[in-house]
Amino acid sequence: MGMAILVIGGGVFIGRHLVQEAVRRGHRVTVLNRGLSTGPLPPGVTWLRGDRADGFDAVRSTRWDTVVDTCAYQPAQVERSARELDCGVYALISTISVYRDFSAPTPVTAPTVPARRTGLLDGASYGELKAGCEAALTAARGSGRSLVVRPGLVAGPHDVSSRRRYGSPARPSPTHLHYDRFAGRFPYWPWRFARGGDVVLPGTPDDPFQVLDVRDLAEWTTDLVEDGTTGVFNAVGPQSTWGALARACARRGLGRPVWVPEDSLVAAGVAPHTGLPMWAPAGTGTAWFSRVPAGARPAAKRSLDETVGSVADWLDEAAPDPEQFLGGGEIDMTTERLLLEGARTGAATGTGDTR
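Asker: How should I be thinking about the overall build of the chain in this particular structure?
Answerer: Helix and strand content of the chain: 11 helices and 16 strands. Residue burial in the chain is summarised as follows: out of 355 residues, 52% are buried. When contacts within the chain are restricted to residue pairs at least 6 apart in sequence, long-range pairs at least 24 apart make up 75% of them. Carbon and sulfur atoms make up 52% of the accessible area of the chain, which amounts to about 14900 Å² in all.

Shown next as structure tokens:
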């Protein structure tokens, strides 16, 4: 008959795939969210519209085998839901951003950032608030009845993760992410290669890169839920390279990679993380690409080629308008042309070198 699973959130990217996977396995799934970003839900899913800030009257009387919380950003949210909801295991989707330092390998026992109990949700506070959410869950339920999943960079179909804004353009929110544009993070690269021509790539082909397919994350998390597993786990992909990403994208597009040294990117004013999505100058800003081990239960199964292919297929089907696709921070055509001209004079590794 399957398990009774309540998913808080469940409408966007990771939550969407988790719901689909649980339904595919025959579980009875109820989704509770505000209905602002919810995509089509699979047949048989019970959808309840509600804001967690208003309480859990609609689901409090039900005994759940598992609650999967995909959208907690404030510790008070977790403290309330973990105490009010009757469930066997409470699973919290957290983040590797809780780790304090990526200069050394960061297993789940590595030090974390200070746990913040409250504050405005933004890029600087995100990791500390998530650490606070983890602490609130442990305080409410103990480690024996809770599951904490710390994903790294996740990619795959329906990836709208990087169009998120903290709050809305007009009004920041302390509790919610606001999705206002498509703005692909990982999807930028298959999209850019599909446009053809020379494509600016950061650094060298050997620079580290680590990504987990969202479908692997959904399947792996559902495995943990079905097993009644508790504890803390990293959910990261295999350690790879930017060259491997370029090769995978080039196989699906017409683009030719041109490797531009990081100092040239910095000098040209290319913004970290957004100017070239997922890139930042070498150091702690990028160390998480290679410093987070999978641990005892690796989540990854699909290859980088499979992930790129699935994103490319999704983009072909969705056919996004470039004006909606881009987030506004990517390099403009003039900057791209200047970087490519510099590369052709010998400042970069060279056109077409994916190694």
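From this point, the narrative continues.
Asker: In this structure, what is going on with the environment of Gly142? I would like to understand it.
Answerer: Take Gly142: it is sitting in the loop between α3 (126–141) and β6 (146–151). Separated by 89 residues in the primary sequence, Gly142 and Gly231 have C-alpha atoms spaced 9.7 Å apart.

Asker: Whenever I open this one, the sheet that holds strand β3 (residues 46–49) confuses me. Can you help?
Answerer: Strands belonging to one sheet form pairs held by backbone hydrogen bonds; the direction of such a pair is parallel or antiparallel. Strand order in the open sheet made by the seven strands is β3-β2-β1-β4-β5-β6-β13, with parallel pairing throughout. For this open sheet the edge positions go to β3 and β13 (231–235), each flanked by a neighbour on one side alone. Direction aside, the axes of adjacent strands within the sheet are offset by 20 degrees on average.

Asker: Even after reading the chapter, I still don't get the pairing of strand β2 (residues 28–33), so can you show me in this structure?
Answerer: Remember that side chains alternate between the two faces of the sheet whenever the strand is regular. Burial of β2 is extensive: five of the six residues sit out of reach of the surface. Here strand β1 (residues 4–8) runs beside β2; their pairing, made up of five bridges, is parallel. By the bridge assignment, Ile8 is partnered in β2 with Leu32. Read from β1 through helix α1 (residues 14–24) to β2, the crossover connection turns out right-handed.

Asker: Is there a simple way to explain unusual backbone geometry in this structure?
Answerer: Trans peptide bonds make up most of the peptide bonds, and negative phi angles are found at most residues other than glycine. One non-glycine residue, His158, lies in the positive phi region at around 65 degrees. Inspection of the secondary structure assignment puts His158 in the loop between β7 (154–155) and β8 (164–166). His158 gets classed as partly exposed once you look at its relative accessible area, which sits at 24%. For His273, which is not a glycine, the phi torsion comes out positive at approximately 75 degrees. Residue placement: His273 occurs in the loop between α7 (262–267) and α8 (284–287).

Asker: When you look at the pairing of strand β4 (residues 63–69) in this model, what are you seeing that I'm missing?
Answerer: Burial of β4 is extensive: five of the seven residues sit out of reach of the surface. Where β1 meets β4, four bridges bridge the pair, whose relative direction is parallel. Within the sheet, the bridge partner assigned to Ile5 lies in β4 and is Thr66. With six bridges joining them, β4 and strand β5 (residues 86–93) adopt parallel strand pairing.

Asker: Teacher, can you tell me more about the packing of aromatic side chains here?
Answerer: What characterises a pair of aromatic rings is the spacing of the ring centres plus the angle enclosed by the ring planes. Under the criterion given, the structure shown has seven aromatic pairs. When the ring of Phe186 is compared with that of Phe209, the centres are 6.5 Å apart and the planes differ by 40 degrees; the resulting orientation is tilted. Taken as a pair, Phe186 in the loop between β9 (177–179) and α4 (188–195) and Phe209 in strand β11 (residues 208–210) lie far apart in primary sequence, 23 residues in all. Each ring, one from Trp189 and one from Trp242, has its centre 5.5 Å from the other, and the planes form 80 degrees; the classification is edge-to-face. Separated by 53 residues along the polypeptide, Trp189 in helix α4 and Trp242 in helix α6 (residues 242–252) bring together distant segments of the chain. Trp242 carries the same exposure label as Trp189, and that label is buried. By way of ring pairs, the aromatic residues Phe186, Tyr188, Trp189, Trp191, Phe209 and Trp242 are connected into one cluster.

Basis of the calculations
- Residues numbered from 1 in each chain as written.
- Predicted model: local features only at pLDDT ≥ 70, side-chain atom pairs only at ≥ 80, totals over all residues.
- Heavy atoms only, no water.
- Helix = DSSP H or I, 4+ residues; strand = E, 2+ residues; numbered from the N terminus.
- Buried < 20%, exposed > 50% of the residue type's maximum accessible area, 1.4 Å probe, protein only.
- Contact = heavy atoms within 4.5 Å.
- Areas by Shrake-Rupley, 256 points an atom, 1.4 Å probe, with all protein chains shown as cover.
- Pairing = 2+ DSSP bridges.
- Axes fitted to C-alpha atoms, helices over the stretch in contact; angles between N-to-C directions.
- Right-handed = clockwise from strand over helix to strand, strands pointing away.
- Phe/Tyr/Trp six-rings, centres within 6.5 Å; stacked < 30°, edge-to-face > 60°.

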